[in-house]
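One letter stands for each residue in the lines below.
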Amino acid sequence: MKAYDYHKPHTVKEAIDIMGGLENAKYIAGGTDVMVLLRQGKINPANLVSLRNVAEISRIDTQNGIRIGAGVTHTQIANNEFIREHYSALADGAGVVGSKQIRNVATIGGNICNAAPSADTACPLLVLDAEAVIAGKSGERQVPVDDFIVGPSQVALEKGELVTGFVIPAFGDRTGSAYIKHARRLAMDLPILGIAVRATVKIGGAQAACRDAFKLTDVSDIVKRLEAEGLVLEDVRVAMSVVAPRPVRARKAEEAAKGKTISEKVLEELGEIAASESKPRDSFRGEAWYRRDMVKVLTKRALLKSIERMTGASSMVAPSRLW
Amino acid sequence: MKKEITFTLNNEEVIVEVDPKWTLIHLLREVLELTGTKEGCGVGECGACTVIVDGEAVNSCLYPVMEVEGKTVATIEGVALPDGTLHPIQQAFIENNGVQCGYCTSGMIMSAKALLDKKSDPTEDEIRTGISGNICRCTGYVQIVESIQLAAERMKK
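None of these values were measured; they are calculated from a predicted model.

1. Some words on the packing of helix α2 (residues 88-95) of chain B against helix α3 (residues 105-118) of chain B
All names here are of chain B.
Right, on to step 1. Packing of α2 against α3 leaves a shortest axis separation of 10 Å and a crossing angle of 130°. It follows that α2 is oblique to α3 by the angle criterion. With respect to the hand of their crossing, α2 and α3 are arranged in right-handed fashion. Contacts from Ile-89, Gln-90 and Phe-93 of α2 reach α3 at Thr-105, Met-108, Ile-109, Ala-112, Lys-113 and Leu-116.

Next comes the structure, spelled out in structure tokens:
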């Protein structure tokens, strides 16, 4: 490993200034990706600019939705009660990244800027309409995460810029969300497939009846009960990872869901459409046909999980049963 | 390009000259000769190198040494009492056959300690999550989980 110098700025401005004056420099946050790349010799920077001591990007601010600093760790997100309740999909995603040790230091900004096709916080941010806040020499700008992630290891950052945080709007109490990571092991494994869903619904009948529906054991019985209560999918977001070079939204499925009353048939259709929008490849983790099939299964499960949470049936973040 | 850093290591203040490119495990093993912390994969996959920094379990192989400045680090060497009395977690691992080849053990014990320091009465799920970043290729984890449960019981008393 080549020698490098290590810089420790304390403010965003200082970080940008230091970066601007250096040749061959790289930002480092939690370091769980950067340190591995260094060791493997895949990157050889002469300077690392650490963002770990920048207090202003390590906060969670819950006014008008939420603003999560880029330096907030996955552990902090997964344990945050407000995020668990209002942005459950993100707590799900943050809680399944790597291992305990990784989550204790790895940051959400790093997870997104590393832009792996399998990033566990990416799909949740996509369905939550999150925007990345980017700071640079000329000031601050905001870009939807959907436009920010370009491709594998590629994000829309200009030279010297850095992500300072993510802003997510408030969705109100008729919205629920969930992320399901489909992997062989529960820890230290990348997903075969990741699916996030956010659903904003309108209930014709009683919310309590919908909540009680989730006490049933058979999924088709649950769906029938919800259908009987006239549960309408007002606004749905679906995002998929590991089915394309970058995490993507299933826009046709989202469009098709709009205004539909929930039913087994509607759920099947949404899964089919989302699967038709996926372009998975064969890899040692899973074959393309399998991934495509699982898109159908997990889209349905994540949607039902979102509704379950919205009704208040379950405040658990980890899916308590296999939807 | 050496720089001086100060931090607390196993309750003692340490001032040491480091090269900015070192990782924490390099400092611990190669310079301070605290070889109880093991290096397995070197890329954060196996957890053998787990130490506790400011109360959180971390992979010391991924931890830039420059970030240790001002922090409090606990390694396996500081777990037993100075008179040699073993920590309840260590004692439970011995009694419960939580150790076979021993390579993962330092890391397992540090992960378990980070967990029990925060939560004295963890569920089995919480224990399994707590050691989810530690790979053991011998025991199959059952004895390890039971060791941590036994330690938790004893530590409550």
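2. Notes on unusual backbone geometry
Residue and element names in this part refer to chain A.
Right, on to step 1. The backbone phi angle of Ala-115 is positive, close to 50°, even though this residue is not glycine.
Right, on to step 2. Note that Ala-115 resides in the loop between α7 (108-114) and α8 (122-127).
Right, on to step 3. Ala-115 sits in the buried class, given a relative accessible area of 3%.

3. Examining the domain arrangement of chain B
Note: interface size is frequently given as the accessible area lost on complex formation between the parts.
Residue and element names in this part refer to chain B.
Right, on to step 1. Taken domain by domain, chain B comprises domain 1 (3-78) and domain 2 (88-156).
Right, on to step 2. Here domain 1 and domain 2 have C-alpha centroids that lie 21 Å from each other.
Right, on to step 3. If you look at the interface, domain 1 gives 17 residues, while domain 2 gives 13 residues.
Right, on to step 4. The largest per-residue losses of area from domain 1 upon contact with domain 2 belong to Thr-50, Ile-52 and Ile-76, which jointly make up 39% of the total buried on that side.
Right, on to step 5. Close ionic contact of Lys-118 with Glu-56 constitutes a salt bridge, the shortest N to O distance being 3.0 Å.
Right, on to step 6. Run the count over domain 1 and domain 2 and you get 8 residue pairs in polar contact (both at pLDDT 80 or more).
Right, on to step 7. Every element with two or more residues in the side of domain 1 that touches domain 2 is listed here: β3 (50-53) and β4 (56-59).
Right, on to step 8. Here the element with the most residues in the side of domain 1 that touches domain 2 is β3; it accounts for 3 residues.

Cut-offs and rules
Each chain has its residues counted from 1, running along the sequence as written. Chains carry letters and ligands carry numbers; both start at the beginning, A for chains and 1 for ligands, and go up in the order they are written. This being a predicted model, a pLDDT of at least 70 is required before a residue's local features are given, and a value of 80 or more before pairs of side-chain atoms are given or counted; all residues contribute to the totals for chains, interfaces and linings. Values reported for side chains reflect all heavy atoms of the structure, with hydrogen atoms and water molecules removed beforehand. Axis definition: a line fitted to C-alpha atoms, limited for helices to the stretch in contact. Angles are taken between N-to-C directions and run from 0 to 180 degrees. Secondary structure elements follow DSSP: runs of H or I no shorter than four residues count as helices, runs of E no shorter than two count as strands, and numbering proceeds from the N terminus. An angle below 35 degrees is treated as roughly parallel, one above 145 as roughly antiparallel, one from 65 to 115 as roughly perpendicular, and anything else as oblique. In this scheme the handedness of a crossing depends on how the near helix is turned from the far one: anticlockwise by less than a right angle means left-handed, clockwise means right-handed. Residues are treated as being in contact if the distance between any of their heavy atoms lies within 4.5 Å. Partly exposed describes any residue whose relative accessible area lies between the buried limit of under 20% and the exposed limit of over 50%, with all areas from a 1.4 Å probe on protein chains only and scaled to the type maximum. Where a domain begins and ends is set by an automatic assignment or by a domain database. When two components associate, each loses some accessible surface as probed by a 1.4 Å sphere; the sum of these losses over both components is called the buried area. Criterion for a salt bridge: a side-chain nitrogen of Lys or Arg within 4 Å of a carboxyl oxygen of Asp or Glu. Throughout this description, a polar contact denotes any pair of N or O atoms lying within 3.5 Å of each other; where both atoms belong to protein, one of them has to be capable of donating a hydrogen while the other can accept it, and for residues adjacent in sequence the pair is counted only when both atoms sit in side chains.

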